[in-house]
Amino acid sequence: MFFQAYGFIAVSLFVFQRRLKVISRGEIIMKMDIRVERTQAPKEKPGKGADLPFGHVFTDHMFIMDYDAEKGWHDARIVPFGPIELHPGSTILHYGAGAFEGMKAYRKEDGSCQLFRPEQNAKRMERSIDRLCLPHLDADTILDLIERFVAFEQDWVPSDFGTSLYIRPYEFGCDEPIGLHGIQKAKFMIITCPVGNYYKEGLKPVKIAIEEHDVRAVRGGTGDCKVGGNYAASNRAEAVAEENGFTQVLWLDGVNQKYIEEVGSMNVMFKVNGEIITPMLTGSVLPGITRKSSIEYLRSKGYTVTERLITAEEIVEAVKNGTLEEAWGTGTAAVVSPIGILHYEGVDYHINNNEIGPVCQELYSGITGIQWGRTEDPFGWTVPVKSKFMNTWMR
């Protein structure tokens, strides 16, 4: 009994000390002043109705913060957007040691701006950073820096419904020795760009090929993290699919190549015989924030949503027997993307007459209404952007 109590106290002290260390380290970062260098050549901001292809137009500034083993995180700064200098031996260039996030800021009808569940992105980024053994940044620090930078650049948030300011925070290793080793130098950066709809088809149902050869990720790897290697590995299959007239591919698991995981760079959902099913998080599926929000939103509306293993054969059979009612992808860029055709083993399977289904439309309208502030937010998902940049810790 004594040893059990002693062990419990020892473990509790260890956890407390570790938390204290992390909190202390985070406080140092979060309360760091940000040096500001404003651009001397501001660009013209896009007006109403402007064409905003995804990721092509960038705002005037970017955020950069450096890390080295001796100083820790230091020199937080907002500077004019432009190229950065990297040593040719930098870790990111050779071993892909980089993690990132994708999120958005939205302009409401009253002119104010808001973020959508940014704390979830920050928590996921912390996990991704730690998975790659990059220099640690806690979620509170990541969120604070994002909020402060977006407040600084908020004039770039477009006002047309359906448009937004895409926010890309990322951290990468930049050690100069080529050898594979623990990372001693790194950078944390944030860039932003005003964007329109991600897919040219808009909300029109898309044509998807079930990928039968390449896989996106495997359990035990980095499939549940937002890191560049997952996306680079998907390029070949997606290029082949595009050449054959498909918008994206539906990924199967990396072990059995039978269980559905994601569609393109999105999570995926199906409505079969009245029930909404989505692949469970097995360690190789990215835990998407839009996925999480969709599940919570649909359940709040009375729908049955089940997270489980789903085979490609099961979905094909559901198309054949008429029980597959709808299918769609979920993600930050597009919110939802309805699937009209699934191609598998040389056959095109049509879903809901290649039309948008009522649940997909309800989900899109409900979530975008909350994101753009056009409907009430009963979940507490939105976070107002500060009216002005503050060079102090904002929390």
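This is a predicted model, so every value here is computed, not measured. (Residues numbered from 1 in each chain as written. Predicted model: local features only at pLDDT ≥ 70, side-chain atom pairs only at ≥ 80, totals over all residues. Heavy atoms only, no water.)

Novice: How would you sum up the packing of helix α3 (residues 118–131) against helix α4 (residues 139–153)? Please name residues and give values.
Specialist: At a closest axis distance of 8 Å, the pairing of α3 and α4 adopts a crossing angle of 125°. The pairing of α3 with α4 is recorded here as oblique in orientation. In this structure, the crossing between α3 and α4 has a hand that is right-handed. Residues Pro-118, Glu-119, Ala-122, Lys-123, Met-125, Glu-126 and Ile-129 of α3 form the contact with α4, whose own contacting residues are Ala-139, Ile-142 and Leu-143. (Axes fitted to C-alpha atoms, helices over the stretch in contact; angles between N-to-C directions. Helix = DSSP H or I, 4+ residues; strand = E, 2+ residues; numbered from the N terminus. Parallel < 35°, antiparallel > 145°, perpendicular 65-115°, else oblique. Left-handed = near helix turned anticlockwise from the far one by under 90°. Contact = heavy atoms within 4.5 Å.)

Novice: Which residues make up the packing of aromatic side chains, and what values go with them?
Specialist: A complete count under the given rule lists eleven aromatic pairs for this structure. Geometrically, the ring pair formed by Phe-63 and Phe-188 is edge-to-face, given 6.1 Å between the ring centres and 70° between the ring planes. Placement of the pair is Phe-63 in strand β2 (residues 61–68) and Phe-188 in strand β8 (residues 185–195), with a sequence separation of 125 residues. Taking relative accessible area as the criterion, Phe-188 reaches 0% and is therefore assigned buried. (Phe/Tyr/Trp six-rings, centres within 6.5 Å; stacked < 30°, edge-to-face > 60°. Buried < 20%, exposed > 50% of the residue type's maximum accessible area, 1.4 Å probe, protein only.)

Novice: Tell me what's going on with empty space enclosed by the protein, and back it up with residues and numbers.
Specialist: Going through the model one piece at a time under the given rule, you end up with four cavities of 30 Å³ or more. Empty space within the largest cavity amounts to approximately 70 Å³. Lining of the largest cavity is provided by Gly-102, Met-103, Lys-104, Tyr-106, Phe-116, Asn-121, Ile-289, Thr-290, Thr-332 and Gln-371. Broken down by secondary-structure element, the contributors of at least two residues to the lining of the largest cavity are β5 (103–107) and α7 (289–300). The element contributing the most residues to the lining of the largest cavity is β5, with three residues. Across the lining of the largest cavity, the residue classes tally to four nonpolar, five polar and one charged. (1 Å grid on protein atoms, 1.4 Å probe; cavity = no way out; pocket = protein on both sides within 12 Å on 5 of 7 lines; lining within 4 Å. Points joined across faces, edges and corners; volume = space filled by probe spheres on them. Nonpolar A, V, L, I, M, F, W, Y, C, P; charged D, E, K, R; others polar.)

Novice: Quick one: what's the story with the confidence of the model for the protein chain, residue by residue and with numbers?
Specialist: Model confidence for the protein chain is summarised by a mean pLDDT of 91, while 89% of its residues fall at 70 or above. Per-residue pLDDT stays below 50 along residues 1–28; that stretch engages in six contacts with residues further than four places along the chain or on separate chains. (pLDDT = per-residue confidence, 0-100.)

Novice: So what about the nonpolar core? Which residues, and what values?
Specialist: One finds Phe-63, Met-65, Ile-142, Ile-167, Phe-188 and Ile-190 to be the most contacted residues of the largest nonpolar core, which totals 39 residues. The set of elements that each furnish at least two residues to this core consists of β2, β3 (72–80), β5, β6 (113–116), α3, α4, β7 (164–173) and β8. For this core, the element with the highest residue contribution is α4, accounting for nine residues. Grouped together as the second largest cluster of nonpolar side chains are 26 residues, Ile-315, Ala-318, Val-319 and Tyr-349 included. (Core = buried A, V, L, I, M, F, W, Y, C linked by side-chain atoms within 4.5 Å.)

Novice: Could you give me a rundown of the environment of Asp-377, with the residues and numbers involved?
Specialist: As for its placement among the helices and strands, Asp-377 is situated in the loop between α9 (358–371) and β18 (382–384). With sequence-adjacent residues up to four places away left out, Asp-377 is seen in contact with Ile-370 and Thr-382. A distance of 2.7 Å separates the side chain of Asp-377 from the backbone nitrogen of Trp-381, its partner in a polar contact. Only 2.9 Å separates the side chain of Asp-377 from the backbone nitrogen of Thr-382, close enough to count as a polar contact. (Polar contact = N/O pair within 3.5 Å; in protein donor to acceptor, adjacent residues only side chain to side chain.)

Novice: Report on the pattern of salt bridges, specifying residues and quantitative values.
Specialist: All chains considered together, the criterion is met by 16 salt bridges. Among the salt bridges present, the one from Asp-66 reaches Arg-77, with a minimum N-O distance of 2.9 Å. Of this pair, Asp-66 sits in strand β2 while Arg-77 sits in strand β3, and the two are eleven residues apart along the sequence. When its relative accessible area of 10% is taken as the criterion, Arg-77 is described as buried. Counted as one network, the salt bridges with shared partners bring together Arg-35, Asp-66, Asp-75, Arg-77 and Lys-187. (Salt bridge = Lys/Arg side-chain N within 4 Å of Asp/Glu carboxyl O.)

Novice: Tell me about the pairing of strand β10 (residues 248–252), and please be specific about residues and values.
Specialist: The buried count for β10 comes to five of five residues, which makes it a mostly enclosed element. Burial along β10 is two-sided: Gln-248, Leu-250 and Leu-252 facing one way and Val-249 and Trp-251 facing the other are all buried. Where strand β9 (residues 206–210) and β10 come together, three bridges link them in parallel fashion. Counterpart to Ile-208 in the pairing with β10 is Gln-248. (Pairing = 2+ DSSP bridges.)

Novice: How would you sum up a nonpolar patch on the surface? Please name residues and give values.
Specialist: Together, Tyr-95, Ile-178 and Leu-180 make up a nonpolar patch on the protein surface, roughly 340 Å² of accessible area in all. Locating Tyr-95 in the fold gives a position in helix α2 (residues 91–95). (Patch = residues over 30% accessible without salt bridge, like charges linked within 9 Å, V, L, I, M, F, W, Y side chains within 5 Å. Areas by Shrake-Rupley, 256 points an atom, 1.4 Å probe, with all protein chains shown as cover.)

Novice: Quick rundown of the packing of α7 against α9? Include the residues and the values.
Specialist: In contact at an axis separation of 11 Å, α7 and α9 are set at 105° when each is read in the N-to-C sense. Between α7 and α9, the angle is such that the two are roughly perpendicular. Contact with α7, carried on its side by Ser-293, Ser-294, Tyr-297 and Leu-298, involves Val-359, Glu-362, Leu-363, Gly-366 and Ile-367 of α9 and no other residues of that element.

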